[in-house]
Amino acid sequence: MIGNAPYRFSDFQSIVFEYGNGDSLINKWNSKTKDYQYVTQHDSLVKMKLHVRNDDLLFLHRKAAELGFWNFPNVEENQSLKAKGKKTPHYLIEFNYKHKSKKVLFDEAFGGDPKLYDANKQMILLIKQVLNDEEEREKK
């Protein structure tokens, strides 16, 4: 069953991860180009090339499958807050494969199914942890 899954790691090409307040997704990482940028606590923009190991990409791919990422809605936003002009943290996660891709835009103020909310938060935390670990590894 796993071998015939629509999203196989053997077809994997890249992960794109972006986040920020509202529509401003200024923090970005692309595993294919290795481009990584983020805003520090002091509002400085840091840009670098960040190579994430294949084992970590496989880990993220497997976690996405475990959490049911392929079945998440493409857009999970709080429309009432958006209509009022309130900017809440947004996250874009995109897994790209040879013949398919899956992109999810998640609003931290999403008021839907709590299990779906938790799965999104877990995926975000895992990606951030992989990026932080790799950045620390490169500093050594």
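Going by the structure above, here's the rest.
Everything numeric here is computed off the predicted structure, so don't read it as measured data.

> Could you clarify how one ought to interpret the pattern of salt bridges in this entry?
Pairing between side chains of opposite charge can happen when the charged atoms of each approach one another. Counted under the stated rule, the structure contains nine salt bridges. Linking glutamate 134 and arginine 137 is a salt bridge whose minimum nitrogen-to-oxygen distance equals 3.2 Å. Note that glutamate 134 and arginine 137 are positioned in helix H3 (residues 114-139) at a spacing of three residues, about one turn of the helix. The exposure class assigned to glutamate 134 is buried, which follows from its relative accessible area of 5%. Residues joined in a network through salt bridges with shared partners are Arg53, Asp56, Glu134 and Arg137.

> Help me out: how do you make sense of the nonpolar core in this one?
Soluble globular proteins: nonpolar side chains tend toward being buried together. Phe17, Trp29 and Phe95 are the most contacted members of the largest nonpolar core, which has 33 residues in total. Only strand S1 (12-21), strand S3 (35-39), helix H1 (54-67), strand S6 (89-97), strand S7 (101-107) and H3 provide two or more residues apiece to this core. Looking at this core element by element, the count peaks at eight residues for H3. Apart from residues no more than four positions distant in its own chain, phenylalanine 95 is found in contact with Phe12, Ser14, Ile15, Leu60, His61, Ala64, Phe69, Trp70, Lys100, Ser101, Lys102 and Met123.

Rules used throughout
Residues numbered from 1 in each chain as written. Predicted model: local features only at pLDDT ≥ 70, side-chain atom pairs only at ≥ 80, totals over all residues. Heavy atoms only, no water. Salt bridge = Lys/Arg side-chain N within 4 Å of Asp/Glu carboxyl O. Helix = DSSP H or I, 4+ residues; strand = E, 2+ residues; numbered from the N terminus. Buried < 20%, exposed > 50% of the residue type's maximum accessible area, 1.4 Å probe, protein only. Core = buried A, V, L, I, M, F, W, Y, C linked by side-chain atoms within 4.5 Å. Contact = heavy atoms within 4.5 Å.

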